Amino acid sequence: MTTDDHTAADRVSQSDTGDGAPGATAPTIEFRDVLKRFGDNTVLEDLNFSVDPGQRVTLIGPSGSGKTTILRLVMTLEELTGGYIFIDGEPLAYERVNGKRVRLSDKRRRESTRKIGMVFQHFNLFPNMTVLENIIEAPIHVLGRPKEQAVQSAQELLERVGLRGRMDARPSQLSGGQQQRVAIARALAMDPEVLLLDEVTSALDPELVGEVLSVLEDIADTTDITMLIVTHEMQFARDVSQRVMMFDRGRIVEEGHPDKIFSDPDHRRTKDFLSAVL
Ligand SMILES: Nc1ncnc2c1ncn2[C@@H]1O[C@H](COP(=O)(O)OP(=O)(O)O)[C@@H](O)[C@H]1O
Ligand SMILES: [Mg+2]
């Protein structure tokens, strides 16, 4: 039996773990006993949390506390050292089969990451492609969408991010704020269920931050996409997220509603971190 044959068996083992009542909706994202090491450096250990469908969670914490690593694990850009991540109750990169931790096949990994989109600090657009080509590439080549449909949807998305008429531009002809809005449109073109935002305004000149945040606020207001957001923009975090998780050295120090965490945190480390960034 190859790993590709394990889907049904895995569903059985999933329900055997006793998560929730039968028929209950699985969390959109679940980290279970996640361990991540880079060489000897243990970056995440015994990390457990879950995110409900449509919930928007902001991750805060000092540099090096593991926030980017968490997003990159969800995007399967990093290999999990131990533990499991589930998306909609389905394993993302590893699953448990007959008591053993087994790597998912590359094919299943690709399928499980299709629901996930990510926007990076440094945009990561394809520099040799136009704006339009950047956006339609994955819908055509990964989802197999007909080109006409991909183009039409790209045009709608460009309108939405305020870049109507720029589809033939190259990334180098755009401001950082415009490039980041293209990157957001590119992520949305895959119809993600989960959107990962990693300090998406940190590389921008201050006067360009607002245009990117307002696009993201609009997406948060008008869709039910589940979001994991790493940002130092605390007002934005308050406006869009229902939950803030404070990390230090790969562990959750505390979590709660943004009104609570930002105004009246329980932990010294959270207070120190917030006074340093605010
Ligand atoms: N590719 C990598 N190779 C080695 N160490 C890494 C790599 N990526 C991250 N790290 C280490 O993992 C820790 C967490 O990093 P990161 O997730 O980027 O933190 P944050 O995003 O909170 O600043 C840091 O100690 C960092 O040096
Ligand atoms: Mg980071």
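Here's a quick rundown of the structure. As the structure is a computational prediction, the values presented were derived from the model and not from experiment. In this convention, every chain numbers its residues from 1, walking through the sequence in written order. Chain A is the first chain written and ligand 1 is the first ligand written, with later ones labelled in order. Reporting in this predicted model follows two pLDDT cut-offs: at least 70 for local features of residues, and 80 or more for side-chain atom pairs to be given and counted; totals over whole chains, interfaces and linings ignore these cut-offs and use all residues. Hydrogens and water molecules were not included; the side-chain quantities draw on all heavy atoms of the structure.

**With respect to the overall build of the chain**
Piece 1. Along the backbone of the chain there are 10 helices and 12 strands.
Piece 2. As defined in this context, the radius of gyration uses C-alpha atoms, and a globule is described by 2.2 Å times the residue total to the power 0.38. Against the 2.2 N^0.38 benchmark of 19 Å for 278 residues, the chain shows a C-alpha radius of gyration of 19 Å, consistent with a compact globule.
Piece 3. If you line up the chain on its principal axes, its C-alpha atoms span 55 × 50 × 40 Å.
Piece 4. Under the scheme applied here, a residue whose accessible area is under 20% of the maximum for its type counts as buried, over 50% as exposed, and between as partly exposed, the area being computed with a 1.4 Å probe on protein chains only. Within the span of the chain, comprising 278 residues, buried residues form 51% of the whole.
Piece 5. Considering only intrachain contacts with a sequence separation of at least 6, the fraction spanning at least 24 residues in the chain is 65%.
Piece 6. Of the roughly 13300 Å² of accessible surface on the chain, 46% is carried by carbon and sulfur atoms.
Piece 7. By the counting scheme adopted, Arg and Lys are positive, Glu and Asp are negative, and His together with the chain ends is not counted. Note that the charge is assigned to NZ on lysines, CZ on arginines, CG on aspartates and CD on glutamates. Of the charged side chains in the chain, 33 are positive and 44 negative; the average position of the first set lies 4 Å away from that of the second. Per the convention used, a helix needs a DSSP run of H or I reaching at least four residues, while a strand needs a run of E reaching at least two, with both numbered from the N terminus. Any two residues whose heavy atoms approach within 4.5 Å at even a single point are treated as in contact. Per-residue and other accessible areas were derived by the Shrake-Rupley procedure at a 1.4 Å probe size, with only the shown protein chains allowed to occlude residues.

**Concerning the sheet that holds strand E4 (residues 82–87)**
Piece 1. In this scheme, strands are said to pair when DSSP sees at least two bridges between them. Spatial strand order, E2-E1-E4-E5: four strands in an open sheet with antiparallel pairing. The open sheet terminates on both sides in strands that have one partner only, identified here as strand E2 (41–51) and strand E5 (90–91).
Piece 2. On top of the sheet, helix H2 (residues 67–74) reaches strand E1 (29–38), E2 and E4; it is set at about 115° to E1, its chief contact. Geometry is summarised by axes, namely lines fitted to C-alpha atoms with helices restricted to the contacting stretch, and by angles between N-to-C directions that run from 0 to 180 degrees.

**Quick notes on the sheet that holds strand E9 (residues 194–198)**
Piece 1. Strand order in the open sheet formed by six strands is E8-E9-E10-E3-E11-E12, and the pairing between neighbours is mixed. Taken across any chain shown, the strands that pair with only one partner, and hence form the sheet edges, are strand E8 (116–119) and strand E12 (251–256). Along the sheet, successive strands turn relative to each other by an average axial angle of 20°, direction set aside.
Piece 2. As paired strands, E8 and E9 are joined by four bridges and run parallel to one another. Considered in E9, the bridge of Val119 is made with Leu197.
Piece 3. Its contacts with the sheet place helix H6 (residues 176–188) against E8 and E9, and it is angled at close to 175° to E8.

**Observations concerning the site of ligand 1**
Piece 1. Nearness here has a simple test: a residue counts as near a molecule or strand if at least one of its heavy atoms is within 4 Å of that partner. As a matter of local geometry, ligand 1 sits amid Phe38, Asn41, Val43, Pro62, Ser63, Gly64, Ser65, Gly66, Lys67, Thr68 and Thr69.
Piece 2. Residue Gly64 places a main-chain N or O atom 2.7 Å away from an oxygen atom belonging to ligand 1.
Piece 3. Alone, ligand 1 offers 560 Å² of accessible surface; in the complex the protein occludes 60% of this.
Piece 4. When contributions to the shell around ligand 1 are tallied by element, the ones reaching two or more residues are E2 and H2.
Piece 5. At three residues, H2 tops the list of elements feeding residues into the shell around ligand 1.
Piece 6. Tallied by class, residues from the shell around ligand 1 come to three nonpolar, seven polar and one charged. Any pair of nitrogen or oxygen atoms within 3.5 Å is treated as a polar contact; in protein, a donor-acceptor pairing is required on top of that, and neighbouring residues in sequence qualify only through side-chain atoms on both sides. Side-chain classes are defined by residue name, with Ala, Val, Leu, Ile, Met, Phe, Trp, Tyr, Cys and Pro counting as nonpolar, Asp, Glu, Lys and Arg as charged, and the others, Gly among them, as polar.

**Brief notes about the packing of aromatic side chains**
Piece 1. Ring pairs shown here join Phe, Tyr and Trp side chains whose ring centres sit within 6.5 Å, with only the six-membered ring taken for Trp; geometry is labelled stacked below 30 degrees between planes, edge-to-face above 60, and tilted in between. Across all of its chains, the model carries two aromatic pairs by this definition.
Piece 2. Note on Phe31 and Phe49: the rings are 4.5 Å apart at their centroids and 20° apart in plane angle, and the pair reads as stacked. Of this pair, Phe31 sits in strand E1 while Phe49 sits in strand E2, placing them 18 residues apart in sequence.
Piece 3. Note on Phe31: relative accessible area 1%, which makes it buried.
Piece 4. We classify Phe49 as buried; its relative accessible area is 5%.
Piece 5. A centroid spacing of 6.1 Å and a plane angle of 20° characterise the contact between Tyr84 and Phe86, whose relative ring orientation is stacked. You'll find Tyr84 and Phe86 in the same group, each marked buried.
Piece 6. Note on criteria: charge over ring means Lys NZ or Arg CZ within 6 Å of the ring centre, with the direction from the centre no more than 35 degrees off the ring normal. Arg101 extends its terminal NZ or CZ atom over the ring of Tyr84, reaching a point 5.9 Å from the ring centre.

**Re helix H10 (residues 268–277)**
Piece 1. Taken together, the buried positions of H10 are occupied by Thr270, Phe273 and Leu274. Axial view of H10: buried residues confined to an arc of 95°, hence all on one face. The exposed residues of H10 that point more than 90 degrees off its buried face are Arg268, Ser275 and Ala276.
Piece 2. Those residues of H10 hidden inside the fold are in contact with strand E3 (56–60), helix H8 (234–240), strand E11 (243–248), E12 and helix H9 (258–263). This arc describes the spread of directions from the helix axis toward the C-beta atoms.

**A closer look at the pairing of strand E7 (residues 100–103)**
Piece 1. In the sheet, strand E6 (residues 94–97) pairs with E7 via four bridges, with the strands oriented antiparallel. The residue bridging Tyr94 from the neighbouring strand is Arg103, located in E7.
Piece 2. If you look at the hairpin formed by E6 and E7, you'll find two residues sitting between the two strands, and Asn98 has a positive phi there, around 50°.

**Quick word on the packing of H6 against helix H7 (residues 206–222)**
Piece 1. H7 packs onto H6 with a crossing angle of 20° between their chain directions and a minimal axis gap of 8 Å. Classified by the angle between their axes, H6 and H7 sit roughly parallel to one another. Handedness of the H6/H7 crossing: right-handed. Here H6 contributes Gly176, Gly177, Gln178, Gln180, Arg181, Ile184 and Leu188 to the contact with H7, which in turn contributes Leu208, Glu211, Val212, Val215, Leu216 and Ile219.
Piece 2. Taken together, the residues of the contact of H6 with H7 break down into seven nonpolar, four polar and two charged. An angle counts as roughly parallel when it lies under 35 degrees, as roughly antiparallel when it exceeds 145, as roughly perpendicular when it falls between 65 and 115, and as oblique in every other case. Two helices crossing with the near one rotated counterclockwise from the far one by less than a right angle form a left-handed crossing, whereas a clockwise rotation gives a right-handed crossing.

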